[in-house]
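# Examination of the molecular architecture
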Amino acid sequence: MSNKTMRAARLHDVGGKFQVDDVPVPEVRPTDVLVEVKAAGVVPNLRNVITNYPTWFPYLPLPKLPAIYGLDTAGIVTAVGSQVRSGVKPGDRVYVNPGLSCGGCVACRRGDSVNCTAYTFMGYFGFGPGSQQLFEDYPYGGFGQYLVAPVANLVKLPESITFEQGARFGYLGTGYSALRKAQFAPGQTVLVDGGTGTLGVGTVLLALAMGASKVFPTGRNKTLLEKLQALDPKRIHPVAVGEKSVAEIVMAATAGLGVDVVIQALGANAPAAAVMDSFNALRRGGKAINVGGVAETLALEPIPLMVQQKSLIGSLWFTTAEGEDMAAMAASGQLDLSVFEHESFPLEKVNEALDAVDQRTGGFTNIVIAH
């Protein structure tokens, strides 16, 4: 590799395998930074996305192929653009929030970048017709040795956070933003549906860090539920799915009141009935936040929704500011990232890393490409 090229794992065909190629090192534009990638998280759903497109989620456009994937990236800043004035400098340890926005639409001008009409995940997929332009502007994901990103997307990582832990920030941030949208407060109660999965474990950790009095994670694997409960036996109350109605169990544990918040983190193959069961565990005035991928249509009755003043809210991702919150919580010990079990693969074994995702045992496993 010369000083002007780098190795990157690229997908050349939908449903194909990644191939390691030599590609140019990206150039740094005035408001961008160049990051040397140290760890890139392997998204559990990546193989489904790149194999089943456009059957799965046809409204989520993929970048033109060949493309460098890698959603969650942590690394070291190696160069900054001429107009970077934020104090970011070479040598800084950072997480790169992959959420790209156009900067000019109504949502962006209001400071609401996640609702940009062209919002795009760098190194993954987009959410609108403007996504392809953003893919072309920032075509580098974490499965390459370097990437370029807007300086506004950087979360500084303290020394106490490893690069492997930083590469988990995407799933942590998704749970954190969901809890914030629910206006979750210390002393409140939360049900995390799918609590043993990748999204779920992170959400449980954030709920504990934010002062939850009781957390009810659901799951089918009793060993994983016991592992979760061991993190905080006093506050974590696991709910085994299939034995009784989730709502019945939670209502009995909350004196018939219900929980303040439900975070819906179930995967695409979960039935809609499971979502409604958990929704029925909400107290009057409670909020349910959906960050999961359940594909079935929900049978939501509007009159009880109105009478009980419950809310069902979608939550896509998290802001860079929320990423900074998490970094501060982890640095203080408020958020415990030591629970993750990292499995690292070199770039040349990215396809084996995808195989390992299919063999992982729940959300404690963190599979990364380490550079």
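Provided above is the structure to which this section pertains.
Per-chain numbering applies: the sequence of each chain, read as written, is numbered from 1 onward. In keeping with the model being predicted, local features are shown solely for residues with a pLDDT of at least 70 and side-chain atom pairs are shown and tallied solely at 80 or more, while totals for entire chains, interfaces and linings include all residues. Computation of side-chain values covers all heavy atoms of the structure but excludes hydrogens and water.

### Section: the pattern of salt bridges
Only one rule defines a salt bridge in this text: a Lys or Arg side-chain nitrogen within 4 Å of an Asp or Glu carboxyl oxygen. Here the structure, examined in full by the defined rule, presents 14 salt bridges. The salt bridge involving E36 is made with K38; its shortest N-O contact spans 3.5 Å. Working definition: with a 1.4 Å probe on protein chains only, accessible area under 20% of the residue-type maximum means buried, over 50% means exposed, and in between means partly exposed. Here E36 falls in the partly exposed class, since its relative accessible area comes to 25%. In the salt-bridge network here, residues are joined through shared partners; they are R47, D355 and D358.

### Some thoughts on the packing of aromatic side chains
Under the pairing criterion, centres of Phe, Tyr and Trp rings, with the six-membered ring standing for Trp, must be within 6.5 Å; the plane angle then separates stacked pairs below 30 degrees from edge-to-face pairs above 60, leaving the rest tilted. The full count for this structure, using the stated rule, is 12 aromatic pairs. Considering the side-chain rings of Y95 and F318, the 6.3 Å spacing of their centres and the 25° angle between planes classify their relative orientation as stacked. Of the two residues, Y95 sits in strand β6 (residues 93-96) while F318 sits in the loop between β16 (311-314) and α11 (320-332), which places them 223 residues apart along the sequence. Across the pair, exposure class does not vary: Y95 and F318 are buried alike. The lysine or arginine in question, R29, covers the ring of Y138, its NZ or CZ lying 4.7 Å from the ring centre. Put simply, DSSP H or I for four residues or longer makes a helix, DSSP E for two residues or longer makes a strand, and each gets a number counted from the N terminus. Whether a charge sits over a ring depends on NZ of Lys or CZ of Arg being within 6 Å of the ring centre and within 35 degrees of the ring normal.

### Focus on the state of the cysteines
A pair of cysteine sulfur atoms is labelled a disulfide when the two atoms are within 2.5 Å. A full pass over the atoms with the stated rule returns 0 disulfides. Here C108 stays unpaired: no disulfide links it, and the sulfur of C105, its closest cysteine neighbor, is 3.7 Å away. The exposure class assigned to C108 is buried, which follows from its relative accessible area of 14%. Here C116 stays unpaired: no disulfide links it, and the sulfur of C102, its closest cysteine neighbor, is 3.6 Å away. On the accessibility criterion, C116 (6% relative accessible area) is buried.

### Points about the sheet that holds β16
Any two strands with at least two DSSP-identified bridges between them are counted as paired. Spatial ordering of the open sheet is given by β13-β12-β11-β14-β15-β16, a layout of 6 strands whose pairing is parallel. Pairing within the sheet leaves two strands with one partner each, and these edge strands are β13 (239-240) and β16. Relative to strand β15 (residues 282-290), strand β14 (residues 259-264) is paired through 5 bridges, and the arrangement is parallel. Across the sheet, residue I263 finds its bridge partner in β15, namely I289.

### Looking at the sheet that holds strand β2 (residues 18-24)
The sheet built from 3 strands is open, its strands ordered β2-β1-β4 with antiparallel pairing. The open sheet terminates on both sides in strands that have one partner only, identified here as β2 and β4 (67-68). Bridge analysis of strand β1 (residues 5-11) against β4 gives 2 bridges, and the strand direction is antiparallel. Bridging from a neighbouring strand, L11 pairs with A67 of β4.

### Points about the side chain of T196
Mapping T196 onto the fold places it in the loop between β11 (189-193) and α6 (198-209). Beyond its immediate sequence surroundings of up to four residues, T196 is in contact with V201, T218, G219, L224, L225, L228, G362 and G363. We call two residues in contact whenever any of their non-hydrogen atoms come within 4.5 Å of each other.

### Digging into the pairing of β11
Within β11, 5 of the 5 residues are buried, which leaves it mostly tucked inside the rest of the structure. What you see with β11 is no split at all: T189, L191 and D193 on one side and V190 and V192 on the other are buried throughout. With 4 bridges connecting them, β11 and strand β12 (residues 214-219) associate as parallel partners. Along β12, the bridge assignment pairs L191 with F216. Classification remark: right-handed applies to a crossover when, strands pointing away from the viewer, the course from the first strand over the helix to the second runs clockwise. Handedness of the crossover is the feature at issue here: the chain leaves β11, passes through α6, returns alongside β12, and the resulting connection is right-handed. Pairing between β11 and β14: 4 bridges, direction parallel. What sits directly across from L191, in β14, is V262.

### Looking at empty space enclosed by the protein
Of the two site types, the cavity is a set of points on a 1 Å grid over the protein atoms alone where a 1.4 Å probe fits but cannot get out, and the pocket is an open set with protein on both sides within 12 Å along at least five of seven lines, each lined by residues with an atom within 4 Å of a point. Grid points are joined across faces, edges and corners, and a volume is the space filled by probe spheres set on the points. For the structure on display, the rule yields 3 cavities of 30 Å³ or more. Quantified by volume, the largest cavity comes out at close to 110 Å³. Lining the largest cavity are 14 residues, with V42, P44, T198, N366 and I367 positioned closest to its centre. Counting residues per element, the lining of the largest cavity draws most heavily on strand β18 (residues 365-370), which supplies 3 residues. Taken together, the residues of the lining of the largest cavity break down into 7 nonpolar, 4 polar and 3 charged. Each residue gets one of three labels, nonpolar for Ala, Val, Leu, Ile, Met, Phe, Trp, Tyr, Cys and Pro, charged for Asp, Glu, Lys and Arg, and polar for the others, Gly among them.

Functional significance is not addressed by these values, which are geometric in nature.
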